[in-house]
Amino acid sequence: MAKKKPRAIDVIVVGAGPAGATAALTLARAGKHVALIDSARFPRPKICAGWLGPRCVHLLDELDVNIGALRPQKITEAVFVSSDLSKTSRPMHNGELGVAVDRAAFDNHLVEVAKKAGVEFSEHSPVAALEPGESEVRVRLKDDSVVTGQYLVVATGISRNLLSGLGLRMPSDRPTTFSAHISTDAHTSSNKQSRLIAAFNASPETGCAIAIETPKAISLTLHARTDQHETVRQLVEFARGLRSTGLLQADLTQEAAKAKCMPSYPFNALEVDSHVGKRSLVIGDAGGFYSTVSHEGVFPAIWSATIAAQTIADIGPNDHAQDVLTTFDRAWRLEMADFLRPPNTDLQLLLPLIFTNQPMADRMGAAFFMGENI
Ligand SMILES: Cc1cc2nc3c(=O)[nH]c(=O)nc-3n(C[C@H](O)[C@H](O)[C@H](O)COP(=O)(O)OP(=O)(O)OC[C@H]3O[C@@H](n4cnc5c(N)ncnc54)[C@H](O)[C@@H]3O)c2cc1C
């Protein structure tokens, strides 16, 4: 009997975080044969507070991705604090505040859903180079093997070194931001509720420091445009302040002093001229998709993935493929620009009002939780 010819790959997705896994899943459901490639072994650890905002939860529902098995902790209270932790406000929010999940488990779950949809997943397979051609793309792995497909989606997170192979340059002249993070289950809370505490920094680029307390765990995250040492020092101060003001019962200063700290997001997607290369699209953190107000990144990663997947699925047999791919730049701007845009107001002037004026606290709440502009 003649051997069945293996089905050719339509789309190669490099990077299996939320952006890549969602793009792969959506394309597979649209009938494409998808190869999803990641350098890590899954489940892989991920430094993240694990907060999924309300719009993210809804988008996952729309995508029919059920995260119930991950036991998401519903956030029921939000507290905003000034950067010196001396003032607080509680945004009134009619809607939801999102959930906290174990991020490694969440990412692994998305990959599992993608595999069930027919995606061919290769883990522990670092990609060394992207080689787009006129009629196909070639992805060269570190072991020198080559995967060939029609189109490419790049979702490598903040590792953006492969993008030069597509002739795309992301802004490289931004001062580095560092993110320090701890997550601990060593301090059990008697509080059965889960809350999110956000301390705002006046600079939209560095966003805010966030504490998330659930009955299972507490996490602290702080972004700062300085060096690693100073970022960790600020995280320790944040932990000390939360404790001394009674906002947190637990003393996390010792854990904070040993925080993991990594370089973070140097640019926003809105600063980038194009996320379209030859036969390829860039999504998620690789393209700078994140909210400048809350530093929420999972939702825009997934959102940009759905728009990219739709763009590729829309390429018809008689279309000039590159012309259709080029529509991605306009499509994501139309849908996502308001969410990604920094507040169209001077935060430095606005911040004091958030702690003295309830409607302003509510506006900030809408910006933080729903991505509305202030
Ligand atoms: C400290 C911290 C806390 C955060 N907390 C939150 C939060 O609570 N909520 C939220 O919404 N966002 C948060 N974020 C942001 C969020 O983590 C990112 O926006 C999100 O991970 C982006 O998803 P992605 O799929 O684009 O990239 P990633 O999740 O980074 O995935 C990229 C994938 O690409 C793979 N990869 C990279 N290079 C290669 C290569 N050469 N070959 C093969 N594979 C490769 C990696 O292994 C990885 O699996 C936080 C960020 C930081 C730094």
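Residues numbered from 1 in each chain as written. Predicted model: local features only at pLDDT ≥ 70, side-chain atom pairs only at ≥ 80, totals over all residues.

**A word on the overall build of the protein**
Test applied: Where helices and strands are cited, they refer to DSSP runs of H or I of at least four residues and of E of at least two residues respectively, numbered from the N terminus. Remark: C-beta atoms are placed from the backbone, and a residue is labelled buried if 20 or more other C-beta atoms sit within 10 Å of its own, exposed if 12 or fewer do, or partly exposed between those counts. Residues are scored as being in contact if the C-beta atoms we place from backbone atoms lie within 7 Å.
Each helix and strand in the protein was counted, giving nine helices and 18 strands. Dimensions of the protein, computed from the C-alpha atoms along their principal axes, are close to 75 × 40 × 40 Å. Out of the 374 residues belonging to the protein, those deemed buried represent 45%. A sequence separation of at least 24 residues applies to 72% of the contacts in the protein between residues at least 6 apart.

**What to know about the sheet that holds strand 4 (residues 73-74)**
Counted only if it meets this: The rule for pairing is simple: two strands pair if DSSP sees at least two bridges between them.
Judged by pairing direction, the sheet is antiparallel, and its three strands sit side by side in the order 3-7-4 without closing on themselves. In this open sheet, the two strands that pair with only one neighbour each are strand 3 (51-52) and strand 4. By the bridge criterion, two bridges tie strand 4 to strand 7 (residues 99-100) in an arrangement that is antiparallel. Looking at strand 7, one finds that Gln 73 is bridged to Ala 100.

**Comments concerning the domain arrangement of the protein**
As a reminder of what qualifies: Annotation comment: domain bounds sourced from an automatic or database domain assignment. Residues are grouped as follows: nonpolar covers Ala, Val, Leu, Ile, Met, Phe, Trp, Tyr, Cys and Pro; charged covers Asp, Glu, Lys and Arg; every other residue, Gly included, is treated as polar.
When the domains of the protein are assigned, the result is domain 1 (9-50 + 103-173 + 267-340) and domain 2 (75-100 + 175-265 + 343-370). Facing the 12 residues of domain 1 at the interface are 16 residues of domain 2. For the side of domain 1 that touches domain 2, the residue count by class is six nonpolar, five polar and one charged.

**A word on the site of the ligand**
Heads up, the rule is: Near residues are defined by distance alone, with the backbone-placed C-beta atom required to lie within 6 Å of the molecule or strand.
In the vicinity of the ligand, 37 residues are found, and the nearest of them are Gly 15, Gly 17, Gly 157, Gly 284 and Gly 297. Residue assignment for the shell around the ligand shows that the elements contributing at least two residues are helix 1 (18-29), strand 12 (178-184) and helix 6 (298-313). Class assignment of the residues belonging to the shell around the ligand gives a composition of 19 nonpolar, 14 polar and four charged.

**Regarding the environment of Leu 59**
The topology assignment puts Leu 59 in helix 2 (residues 54-62). Using a count of 19 C-beta atoms within 10 Å as the deciding quantity, one classes Leu 59 as partly exposed. Spatially, the C-alpha atom of Leu 59 lies 7.7 Å from that of Trp 303, the residues being 244 residues apart in sequence. Those residues in contact with Leu 59, other than ones at most four positions away along the chain, are Phe 299, Ile 302 and Trp 303.

**Considering helix 4 (residues 228-244)**
The following threshold applies: Helices are assigned an expected span. That span is 1.5 Å times one less than the residue count.
Here helix 4 is 17 residues long and its end C-alpha atoms lie 24 Å apart, about the 24 Å a rise of 1.5 Å per residue gives. Inspection of helix 4 places Thr 231, Val 232, Gln 234, Leu 235, Val 236, Phe 238, Ala 239 and Leu 242 among the buried residues, and these make up the whole buried set. Next to the buried residues of helix 4 lie strand 12, strand 13 (195-200), strand 14 (208-213), strand 15 (218-224), helix 5 (253-257) and strand 16 (260-263). Count one or two residues on from helix 4 and you reach Gly 246, which has phi positive near 80°.

**Observations concerning the sheet that holds strand 12**
One open sheet holds the seven strands; their spatial order is 6-5-13-14-15-12-16, and the pairing between them is mixed. Edge positions in the sheet fall to strand 6 (88-89) and strand 16, since each of these pairs with one other strand and no more. Where strand 12 lies against strand 16, four bridges are found, and the strand directions are antiparallel. Opposite Phe 178, over in strand 16, you have Pro 263 as the bridge partner.

**Description of the environment of Ile 158**
By the element assignment, Ile 158 lies in the loop between strand 11 (146-154) and strand 12. The spatial distance from the C-alpha of Ile 158 to the C-alpha of Ala 250 is 32 Å, given a sequence separation of 92 residues.

**So, the pairing of strand 10 (residues 137-141)**
One ladder, built from five bridges, connects strand 9 (residues 127-132) with strand 10; its direction is antiparallel. Across the sheet, residue Ala 129 finds its bridge partner in strand 10, namely Arg 140. Between strand 9 and strand 10, which follow one another and run antiparallel, lie four residues. Taken together, the four bridges between strand 10 and strand 11 define a ladder with antiparallel strand orientation. Across the sheet, residue Val 139 finds its bridge partner in strand 11, namely Val 147. Between strand 10 and strand 11, which pair antiparallel one after the other, the connecting turn spans four residues, and Asp 144 there sits at a positive phi close to 80°.

**What to know about the nonpolar core**
Stated precisely, the cut-off is as follows: Take the buried Ala, Val, Leu, Ile, Met, Phe, Trp, Tyr and Cys residues, join any whose C-beta atoms are within 7 Å, and the set you get is a nonpolar core.
By size, the foremost hydrophobic cluster in this structure holds 107 residues, and its most contacted members are Ala 23, Ala 24 and Ile 283. The greatest single-element share of this core, amounting to 10 residues, is contributed by helix 6. Mapping this core onto the domain boundaries places at least three of its residues in each of domain 1 (9-50 + 103-173 + 267-340) and domain 2 (75-100 + 175-265 + 343-370). If we ignore the near neighbours within four places in the chain, the residues touching Ala 23 are Val 13, Val 153, Ala 155, Ile 283, Ala 305, Ala 308 and Ala 309.

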